[in-house]
Amino acid sequence: MKKPERISATTQVVDAVRLAIQKGELKVGDKLPRESDMAEELGVGRSSLREGIKILNAYGIVESRQGEGTYIVDNSARNFFQFMGFFPSAENTINYLELRRTLEVGNIVSIYDKITCSELDALEKLVDILGRKCPIDAYVEADQDFHQALISYTQNPMLIQINNMIADMRSNLLYRMFCHHEIVQDAYAAHREILRAIRSRDLLACIQAVNDHLDTTERHSQSVDM
């Protein structure tokens, strides 16, 4: 029989939080117990607990908020992408758009005939925002929510995490592009066409609409300053 490996108190803290998340006992937005209560529950000292929380914070699993406590968050994928050096630049933008094309064309093939009427209605409301006179924040949020929703319909956690990795780069590019009214108009038309293709349940039209949208995005990305 293999002798069980001893783990440090710090590792015990990290593993306990990870396991609680896996089991659904802790979810994004949940607040961790008080430091004293958590240390007692896990049977570790406060210094070990703090070290474990620091590690979880570095992983992007928790976030300590001054005067409020420590909360479960989901920044791990985004932190990893930045750690690898994929910050906004002309070269990285090209690579980012190629990655988006791979993700979103493959995604639309998987979901185009499975999206429900209520999901289509929710997408319609997001597209409508792009067609109205709104602050730039509203345009960026609507665009991000539209594509995030399409990815989420696969219910594939790995695909969702990969999409989360590029969230900051997507946001950065959108803010630079949506300063220009004509680009917002093009985005509105492109998202409207994607929605129309999905409603028709036409696979080839869906693929074409996504590719056309990304072609337009690539062209506009080359016209704005990095």
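Here the structure is shown first, and the text comes after it.
Not measured: the values here are computed from a predicted model.

### Observations concerning the overall build of the chain
- Tallying secondary structure elements over the chain gives 11 helices and two strands in all.
- C-alpha atoms of the chain, sized along the principal axes, occupy 60 × 40 × 35 Å.
- At a minimum sequence separation of 6, the contacts of the chain that also span at least 24 residues come to 68%.
- Per element, the accessible surface of the chain, about 13,300 Å² overall, is 53% carbon and sulfur.
- The average position of the 26 basic charges and that of the 33 acidic charges among the side chains of the chain differ by 5 Å.

### Re helix H1 (residues 9–22)
- In this model, H1 (14 residues) spans 20 Å end to end at C-alpha, consistent with the 20 Å of a helix rising 1.5 Å per residue.
- Taken together, the buried positions of H1 are occupied by Thr10, Val13, Val14, Val17 and Ala20. Buried positions in H1, seen along its axis, are confined to an arc of 130° and lie on one side of it.
- Those residues of H1 hidden inside the fold are in contact with helix H2 (35–42), helix H3 (46–59) and strand E2 (69–72).
- Looking at the residues trailing H1, positive phi occurs at Gly24, about 85°.

### Comments concerning unusual backbone geometry
- If you check the backbone angles, Gln155 has positive phi at about 55° while not being a glycine.
- At Arg201, a residue that is not glycine, the phi angle is positive and equals roughly 55°.
- Mapped onto the elements, Arg201 comes out in the loop between helix H10 (181–199) and helix H11 (203–221).
- On the basis of relative accessibility, which here comes to 32%, the residue Arg201 falls in the partly exposed class.

### A closer look at the pattern of salt bridges
- Going through the model one piece at a time under the given rule, you end up with 16 salt bridges.
- A salt bridge links Glu35 to Arg50, with the shortest nitrogen-to-oxygen separation between them at 2.8 Å. Pair noted here: Glu35 is in helix H2 and Arg50 is in helix H3, with a separation of 15 residues, a long-range link.
- The salt bridge partner of Arg199 is Asp121, with a shortest N-O separation of 3.7 Å. Taken together, the positions of Arg199 in helix H10 and Asp121 in helix H6 (residues 117–130) put the pair 78 residues apart, joining distant regions of the chain.
- Here Arg199 falls in the partly exposed class, since its relative accessible area comes to 38%.
- On the basis of relative accessibility, which here comes to 42%, the residue Asp121 falls in the partly exposed class.
- Via salt bridges that share partners, Asp121, Glu124, Asp128, Arg192 and Arg199 belong to a single interconnected network.

### Brief notes about the packing of H10 against H11
- Viewed as axis vectors pointing N to C, H10 and H11 meet at an angle of 165°, and their least axial separation amounts to 8 Å. Judged by the inter-axis angle, H10 sits roughly antiparallel to H11. The handedness of the crossing between H10 and H11 is left-handed. Taking contact as the criterion, the partners of Ile183, Asp186, Ala190, His191, Glu193, Ile194, Arg196, Ala197 and Ile198 in H10 are, on H11, Ala205, Cys206, Ala209, Val210, His213, Thr216, Arg219 and His220.
- Residues belonging to the contact of H10 with H11 are distributed by class as follows: nine nonpolar, four polar and four charged.

Procedures and definitions
Residues numbered from 1 in each chain as written. Predicted model: local features only at pLDDT ≥ 70, side-chain atom pairs only at ≥ 80, totals over all residues. Heavy atoms only, no water. Helix = DSSP H or I, 4+ residues; strand = E, 2+ residues; numbered from the N terminus. Contact = heavy atoms within 4.5 Å. Areas by Shrake-Rupley, 256 points an atom, 1.4 Å probe, with all protein chains shown as cover. Lys, Arg positive; Asp, Glu negative; His and termini not counted. Charge placed at Lys NZ, Arg CZ, Asp CG, Glu CD. Expected span 1.5 Å × (residues − 1). Buried < 20%, exposed > 50% of the residue type's maximum accessible area, 1.4 Å probe, protein only. Arc of directions from axis to C-beta. Salt bridge = Lys/Arg side-chain N within 4 Å of Asp/Glu carboxyl O. Axes fitted to C-alpha atoms, helices over the stretch in contact; angles between N-to-C directions. Parallel < 35°, antiparallel > 145°, perpendicular 65-115°, else oblique. Left-handed = near helix turned anticlockwise from the far one by under 90°. Nonpolar A, V, L, I, M, F, W, Y, C, P; charged D, E, K, R; others polar.

The values reported here are purely geometric and, on their own, carry no functional implication.
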